[in-house]
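Spelled out, the chains give:
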Amino acid sequence: MTLSTDALAFNAAASAADAPAALAEPVTPVRKRFIALLTLAHLGLFAGMFGVSGLLLPRQAELVSPHGKEAALALAAGLGALMAVLANPLIGALSDRTTSRFGRRHIWTIGGAATGAIALTLLGYQTTLFGMLVFWCVAMVGLNGMLAALTAEVPDHVPVQQRAVTSAFMGLMPAAGTIIGVVLAVFVFTGLAEGYAALAAMVLLLTLPFVLTTRDAVLPRAALTPFRWREFLAGFWISPRRHPDFAWAWITRFLMQLGSAMFTLYLLFFLRDRIHYEQVFPGARSEEGVFILTLIYTGCALLTATTVGFLSDRSGRRKIFVIVSSMIQGAGMLMLAFWQTWAGAECAAAIVALGYGAYIAVDQAMITQVLPAAGNRGKDLGVINFAIAGPYALAPVFAAPLVTQFGGYPVLFAVAGTILVLGGIFVRNIKGVR
């Protein structure tokens, strides 16, 4: 991609001595309060996203299509991920050019939270597959717009030497959000509508403290170049030849997320149909098994995430932790491919989580160090987030036939583990990060 003179000038402004605060590379350490509030906002976001997709959406798919639940869930996951792929970089790019007196990111964060919360509330009342798909897609647009804005807050405000620790806390929030979703759906609210409404409320309530009590640097209008649709759309292509580190970081994240998505997508159905959880534990529900595995997963990930985040920031090294983490995750999934019992599921969840915790502690920190330009942080991170949403769109395409036609769950977990290992190997090609 060849950038225009105007675009080059805009990007160069970020490194100039007189660069506005919104485009400057942060050097002042952020306070623990900032990290805590940003983490809470991510918890609200992922409670609405993964808290729903981990349990409520599979239950709803089973309700609206009892004889085709796998296909219904795959369709919902795929379409929702497609909306995420479109919304994330677009809203990230729009936030890059926002000159509101409230800052570039906050209005998109709260707008995405409100849109997602309303859509989730309405989703709980849908009794048809069409209605479920429509409102889940709208929710994914809102929540991924929020994700684009929140993700950009890290390179906007957090200096490099704090990014692994910050990323570690943020990276644990998908699992924590899943736990909250399971707790609300299994132990507090048994109805779908009530569960969706509770998670929608969490999205808003946990986002407001961050938006209302933290400052977001204002981008002066003078720092913007004239808006041209052709250049705006062309900006979503980032040349792998000009930015090879960015490209390899994208590929690494894509493969790591694809393996993880294939592992988690059918977890509820795996416990019910393969482990026969409700027969192994009479009187219990498979949803409770998901809750137990998620608790194990989150606890083990927390152990390695905080430790590895500290070690990575202290040493300045990123790649070795990603490589080792991919091997650990791959080993856990391969174990589950050959040991498909409840005990095997518990052990595999612990092993995969230990690797995942190490991965999330350094992945986002590594990616923020290979962004092409400070002026396009939101858009570039949105492009990187293709590598999160894209795998969730493709995971059903790969996973559904593996489960139903080509060997079942053993093959699914073996393939997922292999993909994770490949993701770790490819990170070696990133040259600009240690």
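Scoring rules and cut-offs
- Residues numbered from 1 in each chain as written.
- Predicted model: local features only at pLDDT ≥ 70, side-chain atom pairs only at ≥ 80, totals over all residues.
- Heavy atoms only, no water.
- Core = buried A, V, L, I, M, F, W, Y, C linked by side-chain atoms within 4.5 Å.
- Buried < 20%, exposed > 50% of the residue type's maximum accessible area, 1.4 Å probe, protein only.
- Helix = DSSP H or I, 4+ residues; strand = E, 2+ residues; numbered from the N terminus.
- Contact = heavy atoms within 4.5 Å.
- Axes fitted to C-alpha atoms, helices over the stretch in contact; angles between N-to-C directions.
- Parallel < 35°, antiparallel > 145°, perpendicular 65-115°, else oblique.
- Left-handed = near helix turned anticlockwise from the far one by under 90°.
- Nonpolar A, V, L, I, M, F, W, Y, C, P; charged D, E, K, R; others polar.
- Salt bridge = Lys/Arg side-chain N within 4 Å of Asp/Glu carboxyl O.

Draft legend 1. Layout of the nonpolar core. Within the largest apolar cluster, 129 residues are counted, with the highest numbers of intra-cluster contacts made by Leu120, Trp136 and Tyr266. Sorting elements by how many residues they give to this core places helix H2 (residues 32–64) first, with 17 residues. Those residues within four positions of Leu120 in sequence are excluded, and the remaining contacts are Gly48, Val52, Trp136, Ala139, Leu143, Tyr196, Ala200 and Val203.

Draft legend 2. Geometry of the environment of Trp250. With respect to the secondary-structure elements, Trp250 resides in helix H10 (residues 244–264). Residue Trp250 is classed as partly exposed on the basis of its relative accessible area, which comes to 25%. Measuring from C-alpha to C-alpha, the distance between Trp250 and Ala22 comes to 25 Å, with 228 residues separating the pair along the chain. In contact with Trp250, not counting residues within four places along its chain, are Val383, Ile384, Phe386 and Ala387.

Draft legend 3. Expanded view of the packing of H2 against helix H3 (residues 69–96). Look at H2 against H3: their axes get within 8 Å of each other, and the N-to-C directions meet at 130°. Classified by the angle their axes make, H2 and H3 are oblique. Seen from above, H2 lies across H3 with right-handed handedness. Facing H2, whose interface residues are Leu57, Pro58, Ala61 and Glu62, H3 presents Lys69, Ala72, Leu73 and Ala76. Per-class residue counts for the contact of H2 with H3 are 6 nonpolar, no polar and 2 charged.

Draft legend 4. Highlighting the pattern of salt bridges. For the structure shown, the criterion picks out 9 salt bridges. Residue Asp96 is joined to Arg104 by a salt bridge in which the shortest nitrogen-to-oxygen separation is 3.9 Å. No difference in accessibility class separates Asp96 from Arg104, as the two residues are buried. Here Arg253 and Asp363 are joined by a salt bridge, their closest N and O atoms 2.6 Å apart. Residue Arg253 is found in helix H10, and its partner Asp363 is found in helix H15 (residues 342–368); the two are separated by 110 residues along the sequence. Side by side, Arg253 and Asp363 carry an identical accessibility label, which is buried. Shared partners join several salt bridges into a network, and the residues in it are Glu62, Lys69, Arg272 and Asp273.

Function cannot be read off these values alone, since they describe shape.
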